[in-house]
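Architecture and fold: a report
Here's the letter readout for the chains.
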2 protein chains.
Amino acid sequence: MAYFRVFPGVLTVVLLCVLVDCKFIAYNTSQGIVDGKLNVHLVPHTHDDVGWLKTVDQYYVGSNNSIQGACVQNVLDSLIPALLADKNRKFIYVEQAFFQRWWREQSETIQDKVKKLVKSGQLEFINGGMCMHDEAATHYIDMIDQTTLGHRFIKEEFDVTPRIGWQIDPFGHSAVQAYLLGAEVGFDSLFFGRIDYQDRDKRRNDKTLEVIWQGSKSRGSSSQIFAGAFYAGNYEPPTGFYFEVNDDSPIVQDDINLCDYNVQERVNDFVAAAFAQANVTRSNHIMWTMGTDFKYQYAHTWFRNMDKLIHYVNQDGRVNAFYSTPSLYTDAKYSLNESWPLKIDDFFPYADRVNSYWTGYFTSRPAIKRYVRMMSGYYLAARQLEFFRGRNKSGPNTDSLGDALALAQHHDAVSGTEKQHVANDYAKRLSIGYKECPLLNISYCPPTEVDFSLGRKLVVVVYNSLGWRRTDVVRIPVVDENVTVHDSAGQVIVSQIIPLAGSSRDMRKFYSSVYVGESSNSSVYWLAFTATVQPLGFSTYVISSGKLAAPVSVKQISYPFDGSRGSDVQVGSGNLKLVYSGDDGKLLQYINSRSLVNISLEQSYSYYAGDDGTIDSQASGAYIFRPNGRFPIQTEGKIPLVVYRGPLFDEVHQTFNSWISQITRVYKEKEHVEIEFLVGPIPIEDGIGKEIVTQIKSTVGNNKTFYTDSNGRDFLKRIRDYRADWDLQVNQPIAGNYYPINLGIYIKDKSTEFSILVDRSVGGSSIADGQLELMLHRRLLYDDGKGVDEALNETVCILDKCVGLTVQGKYYLRFDPLGYGSKWRRSFGQEIYSPFLLAFSEQNDTFTNFPVPTFTAMDPSYSLPDSVAILTLQELEDQIVLLRLAHLYEVSEDKDLSVKASVDLKRVFPDKKIYNIRETSLSANQERGEMEKKRLSWKVEGGSNKQDPGPRGGPVHPTELVVELAPMEIRTFIIDFNSKVFLY
Amino acid sequence: MAYFRVFPGVLTVVLLCVLVDCKFIAYNTSQGIVDGKLNVHLVPHTHDDVGWLKTVDQYYVGSNNSIQGACVQNVLDSLIPALLADKNRKFIYVEQAFFQRWWREQSETIQDKVKKLVKSGQLEFINGGMCMHDEAATHYIDMIDQTTLGHRFIKEEFDVTPRIGWQIDPFGHSAVQAYLLGAEVGFDSLFFGRIDYQDRDKRRNDKTLEVIWQGSKSRGSSSQIFAGAFYAGNYEPPTGFYFEVNDDSPIVQDDINLCDYNVQERVNDFVAAAFAQANVTRSNHIMWTMGTDFKYQYAHTWFRNMDKLIHYVNQDGRVNAFYSTPSLYTDAKYSLNESWPLKIDDFFPYADRVNSYWTGYFTSRPAIKRYVRMMSGYYLAARQLEFFRGRNKSGPNTDSLGDALALAQHHDAVSGTEKQHVANDYAKRLSIGYKECPLLNISYCPPTEVDFSLGRKLVVVVYNSLGWRRTDVVRIPVVDENVTVHDSAGQVIVSQIIPLAGSSRDMRKFYSSVYVGESSNSSVYWLAFTATVQPLGFSTYVISSGKLAAPVSVKQISYPFDGSRGSDVQVGSGNLKLVYSGDDGKLLQYINSRSLVNISLEQSYSYYAGDDGTIDSQASGAYIFRPNGRFPIQTEGKIPLVVYRGPLFDEVHQTFNSWISQITRVYKEKEHVEIEFLVGPIPIEDGIGKEIVTQIKSTVGNNKTFYTDSNGRDFLKRIRDYRADWDLQVNQPIAGNYYPINLGIYIKDKSTEFSILVDRSVGGSSIADGQLELMLHRRLLYDDGKGVDEALNETVCILDKCVGLTVQGKYYLRFDPLGYGSKWRRSFGQEIYSPFLLAFSEQNDTFTNFPVPTFTAMDPSYSLPDSVAILTLQELEDQIVLLRLAHLYEVSEDKDLSVKASVDLKRVFPDKKIYNIRETSLSANQERGEMEKKRLSWKVEGGSNKQDPGPRGGPVHPTELVVELAPMEIRTFIIDFNSKVFLY
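Just so we're clear, the structure is a prediction, and the values are computed from it rather than from any experiment.

Okay, the overall build of chain A next. A tally of regular secondary structure across chain A gives 17 helices and 50 strands. Against the compact-globule benchmark of 30 Å for 984 residues, chain A has a radius of gyration of 30 Å, which places it among compact chains. Per-residue burial for chain A yields a buried fraction of 65% across its 984 residues. When the 103 positive and 118 negative side-chain charges of chain A are each reduced to one mean point, those points stand 2 Å apart.

Okay, the pairing of strand S44 (residues 868–877) of chain B next. Residues and elements named next belong to chain B. Buried residues dominate S44, accounting for 8 of its 10 residues. Here S44 pairs with strand S45 (residues 880–887) via 8 bridges, running antiparallel. Note that in S45 the partner of Thr872 across the bridge is Arg884. Linking S44 back to S45 in an antiparallel pair, the connection comprises 2 residues, with Gln879 at a positive phi of about 65 degrees.

Turning our eyes to something else, we now look at the domain arrangement of chain A. Residue and element names in this part refer to chain A. Considered domain by domain, chain A is made up of domain 1 (39–127 + 162–352), domain 2 (366–433), domain 3 (440–548), domain 4 (555–833) and domain 5 (859–976). Taking only C-alpha atoms into account, the centre of domain 4 sits 36 Å from that of domain 5. Contacts between domain 4 and domain 5 engage 10 residues on the former and 16 residues on the latter. For the pairing of domain 4 and domain 5, the buried interface totals around 1100 Å² over both sides, and the portion due to carbon and sulfur atoms is 41%. Put simply, domain 4 and domain 5 have 4 salt bridges between them. A salt bridge links Arg826 to Glu890; the shortest N-O distance between them is 3.0 Å.

The final tally for this structure, using the stated rule, is 2 disulfides over all chains. Note on cysteine connectivity: Cys797(A) is disulfide-linked to Cys802(A), with sulfurs 2.0 Å apart. Disulfide Cys797(A)-Cys802(A): the torsion about the S-S bond is 105 degrees, which places it as right-handed. Of all cysteine sulfurs in the structure, the one in Cys259(A) sits closest to Cys131(B), which takes part in no disulfide; the separation is 17 Å.

Attention now goes to the sheet that holds strand S50 (residues 970–976) of chain B. Residue and element names in this part refer to chain B. Taken together, the 4 strands give an open sheet; going across it, the order is S44-S45-S50-S47, and neighbouring strands pair in antiparallel fashion. Of all strands in the sheet, those with a lone pairing partner are S44 and strand S47 (916–920), marking the two edges. Across the sheet, the axes of successive neighbouring strands diverge by a mean angle of 20 degrees, strand direction being ignored. Pairing analysis gives 5 bridges linking S47 to S50, with the strands arranged antiparallel.

Cut-offs and rules
- Residues numbered from 1 in each chain as written.
- Chains lettered and ligands numbered in written order.
- Predicted model: local features only at pLDDT ≥ 70, side-chain atom pairs only at ≥ 80, totals over all residues.
- Heavy atoms only, no water.
- Helix = DSSP H or I, 4+ residues; strand = E, 2+ residues; numbered from the N terminus.
- Rg over C-alpha atoms; globule rule 2.2 N^0.38 Å.
- Buried < 20%, exposed > 50% of the residue type's maximum accessible area, 1.4 Å probe, protein only.
- Lys, Arg positive; Asp, Glu negative; His and termini not counted.
- Charge placed at Lys NZ, Arg CZ, Asp CG, Glu CD.
- Pairing = 2+ DSSP bridges.
- Domains from an automatic or database assignment.
- Contact = heavy atoms within 4.5 Å.
- Buried area = accessible area lost by both parts, 1.4 Å probe.
- Salt bridge = Lys/Arg side-chain N within 4 Å of Asp/Glu carboxyl O.
- Disulfide = S-S within 2.5 Å.
- Axes fitted to C-alpha atoms, helices over the stretch in contact; angles between N-to-C directions.

Here's what the structure looks like:
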């Protein structure tokens, strides 16, 4: 019988999904802006890290998915049909390193389709650099280079110029990003996700998330750009609007044949989220970033749901939703003709919550950071040499180094926040790029450690990539202490021998085993001599065994701490002298007999114990600096103060403990102190991660104020425990006062400036008045929960035995009378960035390999002004050259040099005729004049209607060919030496 | 200076990925079969469960992805462009429930493209039912219905007939699947993944994974089909060849510009995997199933990698790889003209490893299993009524019940192996389907519990969907014990009142609160009366308050166990009598005074403790029966034996403990025993899951041999601890001897047959000689690790309070002299499947609502032969009818009825003219003759060249219209009553 009582286990209630006839639905996605309604700009995007948890190539092809499911190839493959399916759909693509990989692999058919999509604006390139570079650990020259690489590709393939800055993920935002990589590349706006949580709260309350950001004091209103910090502090869709394959947001279920029809519910969710955002946003335009990391692997899943949302939300009518881009959003904001709040300086440091200051990454992976900086200087020089020699189109050239360096600027690359295997990949790419640029057909690195007793000689070619004549001490390792140095005129020149000793020798031995597989036991010396080289030129020197040997440095050993009061030790044979205590070996005094600066100072090492996260799940890690106490490094037992004295410089060798030592150098001809440190392996046997800092304490009364550079360019004023934009709640008095340093940091009082310059990106601060502090190395045992999912614990292994990484580096310090510091910071800073480039050749006879023992590309009697540097000199194609010149001084920075300067191109290129010269945007993808014409002119709240754009160099006369540069101005040119008509 | 010693932390070794020019690669995928090489048939497929962890609609639209990332819409959406992109690519699609959902939503443009893909063979429908039905817990009528639904849709939309059976996931394989749902639907082969691990090992050793499977003794060689069990025991690609978005198999990286180029490595992997499989496979053709559950969400990811593999593997040349389908693979095997081993019977039970017998699911979710069976019988009857009345095209009709039932046959639906929320969804769909089929415009279920004292009367319409005249006892609940039943002629008929008491009343109260939200406290009675109904007809009865009231059953209570020896209790007033012990209340004797069978027997309940998985991680669960000891259920204290006696039947009420009770009925006019059990809530307070069985022990000496049905159709011989195909290692003497039962189970010896028939799918066995055992209910506390990730712990909740599900059900037992059992098993078995269908109407007056109080659609003097049942009588479209007739007896099963039988269609449809009749395949998607012509004729090893196809009914003469059926034959016809030309 079919009659039955209610049957156990069976629900007989509910009647929801009824089968009726149903057909294909065509969704209306054609909506545009509607005045008077809240306009929700849906911006479909993917955020594709150029390396992070996986390498860039792994991300591209989708391998190593067990680490992270991500395949950029899928994104781009699936995107094209999705866009072709509906002309109203839009997408923005950002990272050109990925796009270029993909583009190479496409058929012409697909390439043609993509070109049409770009032309129609359905597919828009945003940001447009090879990567979304970091903004803290990057140097501005690298930022420009990597952006140029991307922008020129886009220009060449698609004839378009990106309009929008899109730094949605970097962990804080720099002034240089805003004005150089924003306004100066012709961007109309700049968007980002991460600003300090306190700042964001205030800006949400004030409706000041969107501002006019002026990044430079010197460049005036021309350095302004419309800038928007995202509402939620990230670059994701509102909660519940994620539509990747397998995402668990509720899809829009509009098939009434099926269960769980939810159109009204989803429309309500949409409208509620839109109003919530509108509530803290000026105007009736809001942007939804519809995507996140590596999404759109099957683009259709997103567009299918967004189509439906647009269709049904607009049917509902409470808000207006449509496909948009940041460009359309920017135009919409601009068309309102409103005034916006002004923002100056930068957005550092970044904290995403109490105790989570993203200031550790300023120092994370210091070796990679140095490698990148070194390669950056090398790349600058190599491109010059490549131009002089003639670019090799098919064979080895500087392109792969350029690509490798571009990748390395990514915000999880040089930042040090990638996984270890990914860090290795960046390093490998740099090393390959380096190998692919053999210098002037000379093997770039023959052994310098030749046995001169057999009559062999070593030729050293010293190249100077600066625009100035330059004299500097060159140091190379040799195995014989009886060597003589001749200049190219055959004259013996002064040189100096220093034995390689102590920690340095141990390190040489260990790392050569690790990386080359063999360990040298022969005793080694440093040979130092002074080289002088013309601008953009080289000199050659010959090293041989000789009776007129270089003097070996005189060694003096003091044993302080023996109870008796010893005499103080003074080093330095020129204007600068340092005095060390004969009692405890500590640095006491800095005396410059020329400038009459006489300063008491102390130098010490400490470590911060990295928090393990037990308190509030915030450990110190690759991103985060979360100190749990500061501990001074005590010297272990009776340590000698070892001094080597010679004709060129004096060295003070100090060993603080088994894993920290340093060499302090005072050059006879220089007035700064060079400190070479060796830190590591940082001990972790106590289960505590450590972050090593050096502190130099002086008597300079800086009253909480210090200055750090923005990406090696402008100096910004910092005040301890203070933010100009909001009333700072101080929770982390150390980590919250750390700032990124790429060029230097300084403090000053009424009489004195105290400056430190660095050889790589580091974090630093002035934690107490008179003091400067640099974080040199970090070794941590816990992941900090920001996604990398590895502790920052760099090791070096031989077979199965691994030890913590040792880091070697330099910093430079100097005291000047007030107003005299900038010359050293700017000029010597440029020399740190662009060191002499050395090449070696072994030779038994005369200079047969070197028909030209000295060379300068410029007019031998010409030199660039002290205030100007050549940032780029690069042959783009046959005799078409990219030239970038930079004024190094800010307005009012130096009484002599903060003025306009001129460069005479005819004397820079004396042997070539300039047929054509065109000034371009900073990224060389459009004519400067066109860019200026298109630039949107935003109104600033409370500002005068016409703002001061700052001084600028005048136009370059086509036959006079003199380039004028105002303070902090960078000018970019494409020069044609070949009478061809050229394109960008 | 750019010279530097080997730099800490930087790898300078390795030079792998060098940037060179690279272009789009066109892959050669055009390869076909190559003789003399190992041919690897790559078969791209997805396996889309029609409900399991998510509901069917959730799977389709991709919601609830937090449970499982799966979206069939993505699969089909992304598949089409992937196939269009390369005409060599192929794909098979299986589950029509999903395909139909998708198809409805497509534009005509897409539909046209898909039609072309189907026509060209790029897209092939395989299996083609609505779902991939289970093979253990399904009834063959349901299997036919759900396959027909899918096949006819495919025929109508695409004009193709699926060629291949593809039961890759079900947990064991039935004989009925092979011959009825295989050979009889015109399939050329059948493939599956899961067979016993011992069996598979042996077949790999013998190269007998591919066989000719003959599923029926009665149907001879015409029931043979080529069948292949997959090499690895699953339906997945070889390890390392998974290419879903985010899968971590190594993709084929063939871009030499990028790192990790791996073409040769991947080719080697491919070749190695191919040879490993070839090693256990006959011939040089092997099949790779390139896909698994819900894959191809972005089909491009698979095809991209398979394109490359085909391209490079064929370049390599060691093996030959190409896109293929099971059809092409079957044709390749067939073209070899080889002989294959013969396989008979089935592949039950299934174990995938030692101690992992998939025999628990034979009983899992017994309530759902009953609900499905009940709806199945209802659906059969409802379609008959729909035809008689005229099908309602737009309004409510039987379609949604058909769809719901089709879904419920899925191998994770009626199998009971789905998650709880999914089980609820299946039940909801069935209930909706049920509601949508109002019977003959009469509300199908008015309250029968009317107050007759107010002069109201209840009309009961009793419909008989069988082809035989039938008399049976009808039972309905009433609130008044003084009622009278009149037949449609106005005559009072014999009836009987039984009070609802004890557990039954408690259950009524509790479950009505749960499901209807109100609990009735009024006392209720069962009213029983005997109804007699013509074939395909109905009778009406009127119930009213009356003086000639039905006699209330006489209650007799015995209190055994009181220490004194009581008299034995005998029940039954007809031929059959049961004797119970007056001492302990136990059943003692079964006596049939007509057949002279007199058998001693015992009946008891036990439970198996479900293993918790601590020994070897194999717990008892939804799939797996893993007993850890058997424990007899002891009665609790002094329990009375309660007997109700009446004119129609006697009832014995026994309460074994607080959660097991039963009512045993002996009908005066019937010679079997009906046992209605009530089991639950199964106690779990002791932390032990329990699987409840009832055991009936007799003196029948069956010598380890018993018989169970295959999907309710053929009976297969089982031998305890034995398999015909291999030398069984017995590890699980209980679970390994369990078989699925849908119709019944029996044993026999030289004199007697002992049969049990069931009302739903259950697991059972004969664990000891003379004994039969049924598993009635299961409540388990651990997941069994087969994916469902839930313990099978069904509960029923009021507010927050949940108790274990109680299950009520019936089984029927009977003893017959040897050779006389099949008549009861077959005829009464059909009555269990097709019970009387009741409808109710309240009435104050005469039969105004029932102008025709009795009805038969057939010639009133005609009845189908006892051996024939109408499986289907369904109006497909206006006056076009699908008729399916089945002979119910096997060859030699019954001395009278195992012979050809005839049905006179003119008397079945006396009022209609048959203009046309066409015999079709079982799934009604092609003409029978065409199917027979196309059928591949495989050679069997060691068999005679011409095998016996078994007896068959002859062709139907177009005017004689007599259908002849041989034993076990099922014949399907499409009949045109409307002189129209019709298509399938």
